[in-house]
Amino acid sequence: MGTTASQLRKDLLSEYQELTFLTKQEIILAHKRFSELLSKEDRNIPTPRVPMEKVLSLPELKSNPFRKRICHVFSTSDMKDGSLTFEDFLDLLSAFSDSATLEIKSHYAFRIFDFDDDGTLDGGDLEKLVNCLTGETDDTRLTTEEMRQLISNILEESDIDKDGTVNLSEFQHVISRSPDFVSSFKIVL
Amino acid sequence: EEEKVGEEKPEVLSPEELEKLKEEVDERKKLISTLRGKPWPMRKKLLTLRESHEFVEKYEGALGKGKSRKLYAYKVMMLKKWMKFQRDFENFKTACVPWEMKIKEIESKYVSYLFLLYPCTVLLVLPGCLLFFNLAEKALMGRPYGSMPRKTVPRADEANAMDFAVLWDFGGYAQYSVLFYGYYNSQRAIGWLKFRMPLSYFLVGVGTVAYSYMVVIRTMARNANEDGGGDNNSFNFSWKMFTSWDYLIGNPETADNKFASITTSFKEAILEEQESRKDDNIHLTRFLRVLANFLVLCCLAGSGYLIYFVVRRSQKFALEGLESHSWWERNEVNMVMSLLGMFCPMLFDVISALENYHPRIALQWQLGRIFALFLGNLYTFIIALMDEINLKREEEEVLKLNMTIWEASLYNGTLGANSTAPPITVHPADIPRGPCWETMVGQEFVRLIVSDTMTTYITLLIGDFLRAVLVRFLNYCWCWDLEAGFPSYSEFDVSGNVLGLIFNQGMIWMGAFYAPCLPALNVLRLHVSMYLQCWAVMCCNVPQERVFKASGSNNFYMAMLLVILFLSTLPAIYTIVTIPPSFDCGPFSGKSRMFDVIQETLESDFPAWFGKVFSYASNPGLVLPFLLLMVLAIYYLQSTSKSYKQANLELKKKLQTVSRTINKVLTLIQYLLYSLCGTCTDIVCPPESTPCKGGEHRAHQGKSDHQIPPSATSPPAPRGHRIPGPLPGNQWQPAPSVQRVPNSQRH
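Only a predicted model underlies this, so the values are computations on that prediction, with no experimental measurement involved. Numbering of residues starts from 1 in each chain and follows the order in which that chain's sequence is written. The order in which chains are written sets their letters, starting at A; the order in which ligands are written sets their numbers, starting at 1. Under the rules for a predicted model, residues below a pLDDT of 70 receive no local features and side-chain atom pairs below 80 are neither given nor counted, while totals for whole chains, interfaces and linings still include all residues. Derived side-chain values reflect all non-hydrogen atoms in the structure, with water molecules and hydrogen atoms excluded from consideration.

## Re the overall build of chain B
Going along the chain from the N terminus, every DSSP run of H or I of four or more residues is numbered as a helix, and every run of E of two or more is numbered as a strand. What chain B contains, in helices and strands, is 24 helices and two strands. Should any heavy atoms of two residues lie within 4.5 Å, those residues are counted as being in contact. Long-range contacts, defined here as pairs at least 24 residues apart, represent 75% of the contacts in chain B between residues at least 6 apart. Counting only carbon and sulfur atoms, one obtains 65% of the accessible surface of chain B, whose full area is about 43200 Å². Throughout, the Shrake-Rupley method with a 1.4 Å probe supplies accessible areas, and for residues the shown protein chains are the sole cover considered.

## A few points about the overall build of chain A
When helices and strands are tallied, chain A shows eleven helices and two strands. Accessibility here uses a 1.4 Å probe with only protein chains present; expressed as a share of the type maximum, an area under 20% marks a residue as buried, one over 50% as exposed, and anything in between as partly exposed. Counting only residues that meet the buried cut, chain A has 60% of its 189 residues in that class. Of the roughly 7900 Å² of accessible surface on chain A, a fraction of 53% belongs to carbon and sulfur atoms.

## Some points on the interface of chain A and chain B
Residue-level contacts link 74 residues of chain A with 70 residues of chain B. A buried area of about 6400 Å², summed over both sides, lies between chain A and chain B, and 59% of it is on carbon and sulfur atoms. Salt bridge, as used here, is a side-chain nitrogen of Lys or Arg placed within 4 Å of a carboxyl oxygen of Asp or Glu. In this assembly, chain A and chain B are joined by three salt bridges. Asp91(A) is the salt-bridge partner of Lys45(B), the closest N and O atoms lying 3.3 Å from each other. Two N or O atoms count as a polar contact when they lie within 3.5 Å, although within protein this holds only if one can serve as hydrogen donor and the other as acceptor, and sequence-adjacent residues are included solely when both atoms are side-chain atoms. There are 17 residue pairs in polar contact (both at pLDDT 80 or more) connecting chain A and chain B. By residue class, the composition of the side of chain A that touches chain B is 32 nonpolar, 24 polar and 18 charged. In this description, buried area is defined as the sum, over both parts, of the accessible area (probe of 1.4 Å) that is lost when the two are combined. Basically, the charged four are Asp, Glu, Lys and Arg, the nonpolar ten are Ala, Val, Leu, Ile, Met, Phe, Trp, Tyr, Cys and Pro, and anything else, Gly included, counts as polar.

## So, the packing of aromatic side chains
Classification of ring pairs rests on two measures: the distance between centres of Phe, Tyr or Trp rings, Trp counted by its six-membered ring, which must be within 6.5 Å, and the angle between planes, read as stacked under 30 degrees, edge-to-face over 60 and tilted in between. Counting across every chain of the model gives 25 aromatic pairs over all chains. Each ring, one from Phe34(A) and one from Phe86(A), has its centre 5.5 Å from the other, and the planes form 55°; the classification is tilted. With a gap of 52 residues between them, Phe34(A) in helix α2 (residues 24-37) and Phe86(A) in helix α6 (residues 86-95) connect regions that are remote in the sequence. The class for Phe34(A) is buried, based on a relative accessible area of 3%. The exposure class assigned to Phe86(A) is buried, which follows from its relative accessible area of 3%. Here the aromatic rings of Trp437(B) and Tyr514(B) are separated by 5.8 Å at their centres, their planes lie at 55°, and the arrangement is tilted. Here Tyr514(B) lies in the loop between α17 (494-511) and α18 (518-540) and Trp437(B) lies in helix α16 (residues 437-474), a separation of 77 residues in the sequence. You'll find Trp437(B) and Tyr514(B) in the same group, each marked buried. Over the ring of Phe115(A) we find Arg69(A); its NZ or CZ atom is 5.7 Å from the centre of that ring. We call a charge positioned above a ring when the Lys NZ or Arg CZ atom is no farther than 6 Å from the ring centre and deviates by at most 35 degrees from the ring normal. Taking the ring centre of Phe55(B) as reference, the NZ or CZ of Arg28(B) above it sits at 4.6 Å.

## A closer look at the UniProt feature "domain: EF-hand" (unreviewed entry) in chain A
Here the UniProt-annotated "domain: EF-hand" (unreviewed entry) positions come out as residues 101-136 and 146-181 of chain A. Taken end to end, residues 101-136 of chain A has its terminal C-alpha atoms 31 Å apart, with 64% of it in helix and 0% in strand. UniProt positions are given in the numbering used here, feature names are shortened, and annotations may be inferred rather than shown by experiment.

## Some remarks on the packing of helix α14 (residues 332-352) of chain B against α16(B)
Residues and elements named next belong to chain B. Every axis in this analysis is a line fitted to C-alpha atoms, fitted for helices over the stretch in contact. Angles between the N-to-C directions lie between 0 and 180 degrees. Orientation of α14 relative to α16, taken along the N-to-C sense of each, is 45°, at an axis distance of 9 Å. Considered as vectors, α14 and α16 are oriented oblique to each other. Like other packed secondary-structure pairs, α14 and α16 cross with a definite hand, here right-handed. Facing α14, whose interface residues are Asn334, Met337, Ser338 and Met342, α16 presents Arg447, Leu448, Ser451, Asp452, Thr455 and Thr459. Residues belonging to the contact of α14 with α16 are distributed by class as follows: three nonpolar, five polar and two charged. Put simply, angles under 35 degrees are roughly parallel, angles over 145 are roughly antiparallel, angles from 65 to 115 are roughly perpendicular, and the rest are oblique. In this scheme, a crossing is called left-handed if the near helix is turned counterclockwise away from the far one by less than a right angle; it is called right-handed if the turn is clockwise.

## Section: the UniProt feature "transmembrane region" (unreviewed entry) in chain B
All names here are of chain B. Under the UniProt annotation, the feature "transmembrane region" (unreviewed entry) is placed at residues 110-133, 164-183, 195-216, 290-311, 332-354, 366-386, 556-577 and 613-637. Spanning residues 332-354, this segment combines 91% helix with 0% strand, and its end C-alpha atoms are found 33 Å apart. Within residues 366-386, the helical portion is 100% and the strand portion 0%, while the C-alpha atoms at the span's ends are 30 Å from each other.

## Observations concerning the nonpolar core
Only buried residues count toward a nonpolar core, which is a set of Ala, Val, Leu, Ile, Met, Phe, Trp, Tyr and Cys residues joined through side-chain atoms within 4.5 Å. Core analysis: the largest hydrophobic core is formed by 75 residues, its most contacted members being Phe66(A) and Phe113(A). For the domains described, the bounds stem from an automatic or database domain assignment. Two domains each provide a minimum of three residues to this core, namely domain 1 (10-94) and domain 2 (101-183) of chain A. Other than its neighbours up to four places away in sequence, Phe66(A) contacts Ile112(A), Phe113(A), Phe115(A), Leu129(A), Cys132(A), Leu133(A), Trp245(B) and Tyr247(B). Core analysis: the second largest hydrophobic core is formed by 65 residues, Phe180(B), Tyr181(B), Tyr514(B) and Met594(B) among them.

## As for the confidence of the model for chain A
Interpretation of the predicted coordinates at a detailed level should be avoided for regions scoring low in pLDDT. Per-residue confidence from the predictor is reported as pLDDT, which spans 0 to 100. Counting all residues, the mean pLDDT for chain A is 86, and 97% of those residues have values of 70 or more. Low pLDDT, under 50, characterises residues 1-5 of chain A; the predicted model gives this stretch 16 contacts beyond four residues in sequence or across chains.

## Brief notes about unusual backbone geometry
Glycine aside, the phi torsion of most residues is negative, and most peptide linkages are trans. Residues and elements named next belong to chain A. Not every positive phi belongs to a glycine, and lysine 80 is a case in point at roughly 55°. Position of lysine 80 relative to the elements: it lies in the loop between α5 (67-74) and β2 (84-85). The class of lysine 80 is exposed, set by a relative accessible area of 66%. The backbone of aspartate 117 shows a phi angle near 55°, a positive value even though the residue is not glycine.

## Some details on the environment of Lys400(B)
Residues and elements named next belong to chain B. Tracing the backbone through its elements, the reader meets lysine 400 in helix α15 (residues 359-411). Overall, lysine 400 belongs to the partly exposed group, its relative accessible area being 38%. Through-space distance from the C-alpha of lysine 400 to that of proline 432 is 9.7 Å; in sequence the pair is 32 residues apart.

## Section: the state of the cysteines
For the purposes of this analysis, a disulfide is any pair of cysteine sulfur atoms at a distance within 2.5 Å. Under the defined criterion, the tally for this structure stands at zero disulfides over all chains. Cys298(B) carries a free sulfur, and the closest cysteine sulfur to it, the one in Cys299(B), is 7.3 Å from it.

## Observations concerning helix α20 (residues 596-605) of chain B
Burial in α20(B) covers these residues: Val597(B), Thr601(B) and Leu602(B). Around the axis of α20(B), the buried residues are gathered within 140° of arc, so they sit on the same side. The arc in question is the one traced by the directions running from the helix axis out to the C-beta atoms.

## What to know about the pattern of salt bridges
Residue and element names in this part refer to chain B. Taken as a whole and assessed by the stated rule, the structure comprises 15 salt bridges over all chains. The shortest N-O distance in the salt bridge between glutamate 332 and arginine 313 comes to 2.5 Å. Separated by 19 residues along the polypeptide, glutamate 332 in helix α14 and arginine 313 in helix α12 (residues 282-320) bring together distant segments of the chain. For glutamate 332, a relative accessible area of 6% corresponds to the buried category. A salt bridge links glutamate 444 to arginine 447; the nearest nitrogen and oxygen atoms lie 3.2 Å apart.

## Let's talk about helix α9 (residues 144-158) of chain A
For a helix, the expected span equals 1.5 Å multiplied by the number of residues minus one. Compared with an ideal rise of 1.5 Å per residue, which puts 15 residues at 21 Å, α9(A) spans 21 Å between its outermost C-alpha atoms and is within 8% of the ideal. Taken together, the buried positions of α9(A) are Glu146(A), Met147(A), Gln149(A), Leu150(A), Ile151(A), Asn153(A), Ile154(A), Leu155(A), Glu157(A) and Ser158(A).

## Considerations on a nonpolar patch on the surface
Residues and elements named next belong to chain B. Residues Met454, Ile458, Leu461, Ile462, Phe465, Leu466, Leu470, Leu474, Trp478, Trp480 and Trp535 make up a contiguous nonpolar surface patch of roughly 1000 Å² in combined accessible area. A per-element tally of the nonpolar patch places α16 first, with eight residues. Here isoleucine 458 is to be found in helix α16. Its relative accessible area of 48% is what places isoleucine 458 among the partly exposed residues. Patches here: salt-bridge-free residues with over 30% relative accessible area, like charges joined within 9 Å, nonpolar side chains (Val, Leu, Ile, Met, Phe, Trp, Tyr) joined within 5 Å.

## Brief notes about the confidence of the model for chain B
Residue and element names in this part refer to chain B. Of the residues in chain B, 67% reach a pLDDT of 70 or more, and the chain-wide mean stands at 73. Per-residue pLDDT, averaged within each element of chain B, yields its smallest value for helix α24 (residues 735-745) (36) and its largest for helix α22 (residues 620-683) (88). In the predicted structure, residues 111-116 sits below a pLDDT of 50 and forms 14 contacts with residues beyond four places in sequence or in another chain. Between residues 689-747, whose pLDDT stays under 50, and residues either more than four places distant or in other chains, the model counts 65 contacts. Interface confidence in the predicted complex, given as ipTM, is 0.87; pTM for the same model is 0.62.

## Digging into the packing of α5(A) against helix α7 (residues 102-113) of chain A
Residue and element names in this part refer to chain A. Viewed as axis vectors pointing N to C, α5 and α7 meet at an angle of 115°, and their least axial separation amounts to 9 Å. Looking at the two axes, α5 sits roughly perpendicular to α7. Considering the relative orientation of α5 and α7, their crossing is right-handed. In this structure, α5 uses Arg69, Ile70, Val73 and Phe74 to contact α7, whose residues at the interface are Tyr108, Arg111 and Ile112. Residues that form the contact of α5 with α7 fall into these classes: five nonpolar, no polar and two charged.

Okay, structure coming up:
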C-alpha cells in the first residue's frame, strides 16, 4: 500500500495522477525529493513520515512565512506534529500546483490562515497573519494602532454578515475577485 | 438489492432498473472525475476512488452485454482511451514547454511576471510558421534564383553583392532573396499543383494579422473573466492581506524585500485611508506636474523632429550614392532611433521626480510616456518612409519610359515598327531594374529591427554586465560603497522589458507583409535574447526594491499589445490599399492595386454566381446597415452589463441586511433554547435517563467539525429580556454553531 524506497508503483502513479492536479513527471519528482528527506531507517517502513523540521528545510518552503501552518494543514498525523507522509506531500503539491482550481486553493488558503483552527478568521487570526507577512523582526512590525485600523478595515470589506469573523464563503468571495491570488498561491518543486 | 442485480442475467433487468443503474454509474464516474478538486486527504480520496472504480467496473460489465448495449460499451471504451490520451498529452505538453526549468528558477528569485513571454512567443511562432510554409511552397514550386530579372542581382551591383557591409545592410544578394517581397514571382499559378502564389501571399499576410487579433483578444477576455468582474476595487485591504505573499519565492533575499514591501504597502494604505484629502501646497504640486508634462511634450516633439530630419538626410545620402559616406552616416536613422529609445525613458524618469506621484501611478505615467515616445518615433519614421516611397515611384515612371527606349536599342533599329521580332535572349542581370519600393520598405524594417536588437544586447552587456563587474571589483579600492550607493547593481526592470517586447512585436507586424521572413528572424532573435537575459538576470541583476505591478490585472499589457497591433497594421493596410505595386517586382507586379488579386481569383477560379453573390455582399447598401447593427449590439450589451453590475450591488446590500436579521433571530432562538434546556434538565430530565430534546440539540451541535468552547454547553447567565443586537466578536458562541442550529431545528 505504501511506497517502496526507490520506485513508485505504476498503478499507484496512475491513481495519484487521477487524484491530484500534478503531471506524471511532477509526481515522480516529488517522490524523489520526498525520499531524499527520509532518514535511512525510515526508508523501509511502508508509509514513512517526514518530521516537520525536515520538510521545512526544503528550499521552496524555507523562506515562506506560512511554512509551519502549511505543514499543519496538510498533515494527517494523529499527534498534530506537522509531519507529512508522501500522500500528504502530494496533497500539498497538488493544492499549490499550477492547474489547481480556485476552489481548492481558496479552501486550503483559508485553512492555512486559520491559525487557531476554529473554522473562521477572527481578529486573533488576522493579527497573526499580518505579523507573519511583515516579517518577524521588531522594526518591521506594525504598531498596535495601525494593526487595529488594518483589521477593522479588512473586516469592513470582507465580513458580509457582520459577525466579526470571516468565514469560508466570505473568504472565497473575496479571493475569487482577486486577480493575483491564483498566480501567487503556487509552489513548484 | 445491488448484489442480486449483479448475479441475475442482464435480460431480466427491467428498463427502469437499467436506467437507474446507468444513472448511478454515471454519477460515480462524475465523482471520480471531480475527486481531485475535493479538499480531502489523500487516503480518503484513494479509498473513494477504488470503491467507485470497483462499482463502475462491476456494473459497466452488466450494462455492456446484449446487442443494444454494445454501442454503450464501445462508447465507454473510447471515452477511457480519450481520457488517457488527454492525460498523456498534458504530460507531453509540459515536457515540451521550452525553458520551463529556467523560468521556474527565475520566478523563484523574481516576482512571477515572465508569464508574458508565453503569449508573445506563441504570437510570434505562429506567423513565423505560416510564413515559412509560404516560403517552402515557393522554394519547391517557384523558379530558382537567377532565372528571372527580379531574382537576380543587377550587373552593376554584382561586383560587391557579396560584401559583408552590403549584406549587413541587406543589399546585394540579401536584397534579391526570399527575405524580401521583391523576390516573389507574380505568375498566377505555379508548378504542377497550380499553386496560386499571389493569392496565398495576400491571404497569409491578412490571415496572420487576423489571427494575432484573435489571440490577443481571446487572452484579454480570459484575463477579464478571471478578474471576476464587478466590484474590483472594494477589497484592497483584504487582497493585500490574503494574496500579497508570493509562494514561489525561495530566496531569502527576495523574501526580505517582499516583507519590507508588504509592510510599506500596509502602512501606506493605512495612512492614505486616514489622512485627509487636503494636501498642503497643492498649487505647487499642480504647477510642477504641469511643468513636467510640458517638458515631456517638448522631449517627444524634439525626438520626432530629430527622426524626420535624419531620415531626410539619409534620402539625400542615398541619392548621392552610399559609398561616399561613413558607416555612421549610412546607418544614421536606425542608430538615432535606437539611441532615442534608450535615453529618453531615463530622461522621463528624471522629470517624473518633479511630479511626486504614488509609485504605481508614476509607473503608469512613465509607461504611457514611453509608449507615446515609441509610437511617435515609429510614425515619424513611417511618414518619412512614405516620402521615400513616392520618390521611388516617380523613379519608376521615369524608368518605364527608359525601358521602351532600351528595348528598342536592343534590336538596334533592325526592325520596322509593327513587325514581331524573334526574342533576343538577354541575361536577367542585364535588364534594367525598377526601384522596388516594397523591398525598400522591407529592408528598412529589417535594418531597424537588427539595429534595435544590437542596441538591446549592447545595453545589456554594458549597462548590466560591465556595471556589475566594475561595481564588484572597484569596490575594494573606492572611497564610497559602490554596491549600496551609486551606481550599485542594476535592477531588473520588468515593465521596461515587457514594453520593449511589445514594441518589437509591433515592428514585426508592420514589416511582415514586405519582408516575409521577418517573423522567422524575430523568433531567432527572441531565442538568443532569452538566453542572454536569463544569464544576465541571474548573474548581474538584483530584484526590484519595491515590488508592485503597473495595474491590478494582466490586461494592462495585453491592452497595450492590442493598441500596438492596431496601430502597426494601419500603415501596412494603407499601403496595400492606396499605393499601386511596382511593375516588375513582387507577387502583385503589374496590377493596379494589390487587392485586385482577390477580384481576379473570384473571376477565374470560382463559378460565376459566386462572384455575383460577393459583389452583392460588398455593396455599401448592405455593409452600412450591418455596421449599424453591430454598433447597436455593442450598445445593448454595454447597457445590460451595467444593469447587471447594479443588480449585483443591490443583492450584496440585501445579503448584508438579511444576514444581520438572521443573526439576530438565531441568537434569540438559541437563547430561548438554552433557557428551556436549563429548566428542562433541572425539572424534567434527571442526568441518567434519556437526554431530553434540548440535550439532543446540544449533542448535534457537538457533531460539527470544529471545537465548541466549553462555555456553550452550559446555560448562560440570565441576561435581561432584551437581547443585544449583532454579537460583538465571538463571546460565547463561535459562528459555526450558530449556523448549525437551523439544521437541528428541523427534527
